[in-house]
Amino acid sequence: MAAPAYLPQGAQPADGLAPRLLDGNKAAAYGVLLCRPDLIAAYPITPQTPLLEQLYKFKADGRLTAETVEVEGENSALSAALGVTVAGGRAFTATSSMGLTFMYDAYLFASGTRVPVVMVIAMREQTAPTTVSCGQQDLMMVKEGGWVQLVCESCQEILDSILVAYRLAEDPQVQLPVNVCYEGYYLSHLSEPVTVPAQEAVDRFLLPVRDKRRPVLGTEHPMTFGTYVVGELYAEYRYKHCQAMERAGGMLDAIDGEFRAALGRPYGGAVEAYRAEDAEFLMVTMGSAAGTLKVVVDELRKEGIAAGLARVRMFRPLPARELLGLMRGKRAVGVVDRSVSFGWNRGHLFIDVKAVAQDLEPRIPVVSFIGGLAGTDLRRDLLAGAARTTWERGRGRAGAEVIWLGLE
Amino acid sequence: MAGTLTRKDFVSNQEVRWCPGCGDYAILAQVQKVLPEFGVAREKVVFISGIGCSSRFPYYMNTYGFHTIHGRAPAIATGLKVTRPDLEVWVVTGDGDGLSIGGNHLVHALRRNIGLKILLFNNRIYGLTKGQYSPTSEVGKVTKSTPMGSVDFPFNPIAVALGAHASFVCRAVDVEQKHLGEMLRRAHEHRGGAFIEIFQNCNIFNDGAFHELTDKPLKADYQLILEHGKPLIFGRNRDKGVRLNGHKPEIVTLANGASEKDLLVHDETDPALGFILANFAPPMPTPIGVFYVDSRPPFEAEMNRQLERAKEQRGVGDLRKLLYGGDTWTVS
């Protein structure tokens, strides 16, 4: 059997594929390659650039058939992706930080017009002060933008999430743009073993776009996108958008089943629970720091402290039901954020978790831990301190609701 | 105390962090050399940049500085210059910052003739993101984003500036220090917006992009130095000239029957000639120097003149009177 096109020359393909060492950007590029896009339009920005370079290399090697355009700015990148997507094609783009803010009008236009485009956010702090370091602040600037947002912990999850993103985005019940988000450097430039699935397996999971029933531009049924709307019709658009977001959230379990059937391994749900069931208290986070928190949970367990972790994988729509279920019966919750809300001096994920926790009876303390900004490490000692503080809060010790890790 | 300034006064205490051998060092050195000669006090000088290698420039100047948003330096500088026309505002940008993401702001700043001195470092590559093709990279350029060669037709920055009706358009080369200094001086003296394209070697990602203009054995045959009122002559023996055949330029050899009086004489006030020169392509030599100058008044002068005229005609005005006067009524 000949090696599938996505594998490097000489590599052994197919079932039981040996994992390859890929960094997050390359893993994303393999994911995109397997999804057979029609267009890749992007503008280089640190730390996303190597993702594009890998895609351009695929193209030069003849593995990727998509058209590639290095446009003159991020605004044009997403706009070009919108153009091909409303025409019925499959588009991909990727950005970070200031690039994301520079495409803000196209970003909101994409969700409001229900355009199923997929975009990576290689997460980075938001200027100013000027920096190219890791953070999750860029994602937080668009969390209310109406996109589905998946946040990854590992390079494997990045590749898998690209496949899931297109499956979700293009579902007739969803028809929404999807972000696949991973932290700059901690994941974009971190190499891990990644299993690259066979093209045939991916094709079983994600139909090539030509086989989908999608609204497309054509001469038989001319359509206009982005029409001017006022009043009640506008409200109806918003109502339906929210309903589609909810359907996207509810669909992840079914998609996980399809993923297992096609690829022989799970994708997982909206929240990953780690030793959470019998935990006395719960830590909550998103992204790469979850790996360190799992180690912290294990260490505390050895000491007889029943720690648990909930890792949010789908940030938008917020998996409120799952989070509530995991928090129920716990004595305290600590939320670790790599971002800050200037309006309330709390982490963004904390604000969501705190809102969900209002439904708990009795009320429990929820603590916001802000750390890891601008590429500083969320070290094991810092996270262990956060977990112990949360544990103590659950046992009645008073303290501030927000703690800046390493600063206070 | 402007008269006593020296180069040292314009050198900041920051460690310069460009790659060793970068053309930016040469440009920085020349800017720091000539600025004190202009007699402008440091506190009246501002350097504004966007994002890119060139945009580190303000850190190294001991003047006011603002490292801003990708592509937006001309817009931010516009705000400053129109409200503080007394300041000497320099914009430092590159072919990515100025012609990709910031192309819009650049052409409008030039069109409006805002009195900015815009230095566009053109290295024909994205250096800060480690070597993708830029909007000035030539067709066929192999880079990390164009492994099969670029199919994207590039901008000609001088033609863009002329097309935007910039009132001062010139080109310099990073290592041609004396000439670069002269171009900076001309830009400083020009009343209005000045656009200076500076060919700048990125020795890491696009080394030798302008080697024909900088290698000593070659440059005399490839460089055409523009001087107002003088015939276009070049070549290591000063034996080659440019003449017009209709609207088409052609090279003539002076020894072969052609004389200086047949040659095209540079007139930097002629926009049509500026365009012809801007579009010189091989085998024509590459012009450096001032392509075009226009004496129309700068935007900020016109804007402030309009404000003064309005005050003369209608008085200074009273905000409270404006808010409470005229077309208002009481709902009962």
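Thresholds, definitions, all that
- Residues numbered from 1 in each chain as written.
- Chains lettered and ligands numbered in written order.
- Predicted model: local features only at pLDDT ≥ 70, side-chain atom pairs only at ≥ 80, totals over all residues.
- Heavy atoms only, no water.
- Helix = DSSP H or I, 4+ residues; strand = E, 2+ residues; numbered from the N terminus.
- Rg over C-alpha atoms; globule rule 2.2 N^0.38 Å.
- Buried < 20%, exposed > 50% of the residue type's maximum accessible area, 1.4 Å probe, protein only.
- Lys, Arg positive; Asp, Glu negative; His and termini not counted.
- Charge placed at Lys NZ, Arg CZ, Asp CG, Glu CD.
- Phe/Tyr/Trp six-rings, centres within 6.5 Å; stacked < 30°, edge-to-face > 60°.
- Lys NZ or Arg CZ within 6 Å of the ring centre and 35° of its normal.
- Pairing = 2+ DSSP bridges.
- Axes fitted to C-alpha atoms, helices over the stretch in contact; angles between N-to-C directions.
- Contact = heavy atoms within 4.5 Å.
- pLDDT = per-residue confidence, 0-100.
- Right-handed = clockwise from strand over helix to strand, strands pointing away.
- Buried area = accessible area lost by both parts, 1.4 Å probe.
- Salt bridge = Lys/Arg side-chain N within 4 Å of Asp/Glu carboxyl O.
- Polar contact = N/O pair within 3.5 Å; in protein donor to acceptor, adjacent residues only side chain to side chain.
- Nonpolar A, V, L, I, M, F, W, Y, C, P; charged D, E, K, R; others polar.
- Expected span 1.5 Å × (residues − 1).
- Parallel < 35°, antiparallel > 145°, perpendicular 65-115°, else oblique.
- Left-handed = near helix turned anticlockwise from the far one by under 90°.
- Core = buried A, V, L, I, M, F, W, Y, C linked by side-chain atoms within 4.5 Å.
- Disulfide = S-S within 2.5 Å.

Draft legend 1. Layout of the overall build of chain B. The helix and strand tally for chain B stands at 12 helices and 11 strands. Taken against the 2.2 N^0.38 rule, which gives 20 Å for 332 residues, the C-alpha radius of gyration of chain B at 22 Å falls within 12% of a compact globule. Structurally, chain B occupies a C-alpha span of about 90 × 50 × 45 Å along its principal axes. With 332 residues in all, chain B has 50% of them scored as buried. The averaged location of the 35 negative side-chain charges in chain B is 4 Å from the averaged location of its 38 positive side-chain charges.

Draft legend 2. Local environment of the packing of aromatic side chains. Across all of its chains, the model carries 14 aromatic pairs over all chains by this definition. Centre to centre, the rings of Tyr30 of chain A and Phe58 of chain A are 5.0 Å apart; their planes meet at 75 degrees, and the pair counts as edge-to-face. On the criterion of sequence distance, the pair formed by Tyr30 of chain A in helix H1 (residues 24–34) and Phe58 of chain A in helix H2 (residues 49–60) is long-range, its members being 28 residues apart. According to the relative accessible area criterion, Tyr30 of chain A is buried, its value standing at 4%. Across from the ring centre of Tyr267 of chain A, 4.4 Å away, lies the NZ or CZ of Arg313 of chain A, which sits over that ring. Positioned over the ring face of Tyr324 of chain B is Arg320 of chain B, at 4.7 Å from the centre of the ring.

Draft legend 3. Broad picture of the sheet that holds strand S5 (residues 118–123) of chain A. Residue and element names in this part refer to chain A. In spatial order, the strands read S3-S2-S4-S5-S7-S6-S12; together these 7 strands make up an open sheet with mixed pairing. Edge positions in the sheet fall to strand S3 (67–70) and strand S12 (314–316), since each has one partner strand and no second. Neighbour-to-neighbour, the strand axes of this sheet turn through a mean angle of 20 degrees, independent of strand direction. With 4 bridges joining them, strand S6 (residues 148–151) and strand S7 (residues 178–183) adopt parallel strand pairing. Looking across to S7, one finds that Val148 is bridged to Val178. Running over the sheet, H2 touches strand S2 (39–42), S3, strand S4 (91–95), S5 and S7 and is turned about 140 degrees from S3.

Draft legend 4. Molecular detail of the confidence of the model for chain B. Averaged over all residues, the pLDDT of chain B equals 95, while 99% of them reach at least 70. Model confidence for the complex is summarised by a pTM of 0.89, with the ipTM given as 0.82.

Draft legend 5. Fine view of the pairing of strand S14 (residues 366–370) of chain A. Residue and element names in this part refer to chain A. Across the 5 residues that make up S14, a large majority, 5, are buried. In S14, alternate side chains face the same way, and those of Val366, Ser368 and Ile370 on one face and Val367 and Phe369 on the other are all buried. Pairing of strand S13 (residues 332–337) with S14 involves 5 bridges; the strand directions are parallel. Bridge pairing in S14 links Asp337 to Ile370. Once you follow S13 into helix H12 (residues 348–357) and on to S14, the crossover reads as right-handed.

Draft legend 6. Structural context of the interface of chain A and chain B. Residue-level contacts link 17 residues of chain A with 18 residues of chain B. Here chain A packs against chain B, burying approximately 1,300 Å² in sum over the two surfaces, 60% of which is carbon and sulfur. Its largest share of buried area at the contact with chain B, chain A owes to Tyr43, Glu53 and Glu70 of chain A, together 38% of the area lost on that side. For the interface between chain A and chain B, the tally reads 0 salt bridges. Here chain A and chain B share 4 residue pairs in polar contact (both at pLDDT 80 or more) between them. Elements with a contribution of two residues or more to the side of chain A that touches chain B: H2 and helix H4 (97–102) of chain A. Considering each element in turn, the side of chain A that touches chain B owes the most residues, 6 residues, to H2 of chain A. Its residues placed into classes, the side of chain A that touches chain B shows 7 nonpolar, 4 polar and 6 charged.

Draft legend 7. Just the pattern of salt bridges, in detail. All names here are of chain A. Scanning all chains against the criterion turns up 45 salt bridges over all chains. A salt bridge links Arg331 to Glu280; the shortest N-O distance between them is 3.9 Å. On the criterion of sequence distance, the pair formed by Arg331 in the loop between helix H11 (320–327) and S13 and Glu280 in the loop between strand S9 (271–274) and strand S10 (281–285) is long-range, its members being 51 residues apart. Look at Arg331 and you get partly exposed, because its relative accessible area is 41%. On the basis of relative accessibility, which here comes to 14%, the residue Glu280 falls in the buried class.

Draft legend 8. Quick peek at the pairing of S7 of chain A. Residues and elements named next belong to chain A. For S7, the tally of buried residues reaches 6 of 6 residues, placing the bulk of the element in the interior. Here 6 bridges tie S5 to S7, and the two strands are oriented parallel to one another. If you follow Val120 over to S7, its bridge partner there is Val180.

Draft legend 9. Just helix H13 (residues 380–394) of chain A, in detail. Residues and elements named next belong to chain A. In this model, H13 (15 residues) spans 21 Å end to end at C-alpha, consistent with the 21 Å of a helix rising 1.5 Å per residue. All of the buried residues in H13 are Leu382, Leu383, Ala384, Ala386, Ala387, Thr389, Thr390, Trp391, Arg393 and Gly394. Summarising the contacts, the buried residues of H13 are in contact with S10, helix H10 (289–302), S13, S14 and strand S15 (402–404). Following H13 by one or two positions, Gly396 has its phi on the positive side, about 100 degrees.

Draft legend 10. A look at the packing of H11 of chain A against H12 of chain A. Residues and elements named next belong to chain A. The geometry of H11 relative to H12 is characterised by a closest axis approach of 9 Å and an angle of 70 degrees between their N-to-C directions. Accordingly, the angle class assigned to the pair H11 and H12 is roughly perpendicular. By crossing handedness, the relation of H11 to H12 is classed as right-handed. Between H11 and H12, the contacting residues are Ala320, Leu323, Leu324 and Met327 on the first element and Val353, Val356 and Ala357 on the second. The class makeup of the residues in the contact of H11 with H12 is 7 nonpolar, no polar and no charged.

Draft legend 11. Region of interest: the sheet that holds strand S8 (residues 233–234) of chain B. Residues and elements named next belong to chain B. The 3 strands are arranged S8-S9-S10 in an open sheet whose pairing can be described as antiparallel. Edge positions in the sheet fall to S8 and strand S10 (248–253), since each has one partner strand and no second. Pairing of strand S9 (residues 240–245) with S10, which is carried by 6 bridges, proceeds in the antiparallel orientation. Within S10, the residue paired with Asn245 across the bridge is Lys248.

Draft legend 12. Summary view of the nonpolar core. By size, the foremost hydrophobic cluster in this structure holds 101 residues, and its most contacted members are Phe92, Leu139, Leu168 and Val284 of chain A. In this structure Val284 of chain A touches Leu309, Ala310, Val312, Leu323, Val333, Gly334, Val335, Val336, Leu349 and Val353 of chain A, once residues within four positions along its chain are discounted. Val91, Leu99, Ala159 and Leu264 of chain B belong to the second-largest nonpolar core, a separate cluster that totals 39 residues.

Draft legend 13. Spatial organisation of the environment of Asp262 of chain B. All names here are of chain B. Looking at the secondary structure, you find Asp262 in the loop between S10 and helix H10 (271–278). The class for Asp262 is partly exposed, based on a relative accessible area of 34%. The sequence separation of Asp262 and Val92 amounts to 170 residues, and the corresponding C-alpha distance is 40 Å. If sequence neighbours within four positions are ignored, Asp262 has contacts with Arg243 and Gly257.

Draft legend 14. Geometry of the state of the cysteines. Residue and element names in this part refer to chain A. In this structure the tally under the stated criterion is 0 disulfides over all chains. This cysteine, Cys152, is not joined by any disulfide, and Cys181 carries the nearest cysteine sulfur, 7.4 Å off. Looking at Cys152, the relative accessible area reads 0%, which means it is buried. Among the residues examined, Cys181 registers a relative accessible area of 0% and is labelled buried.

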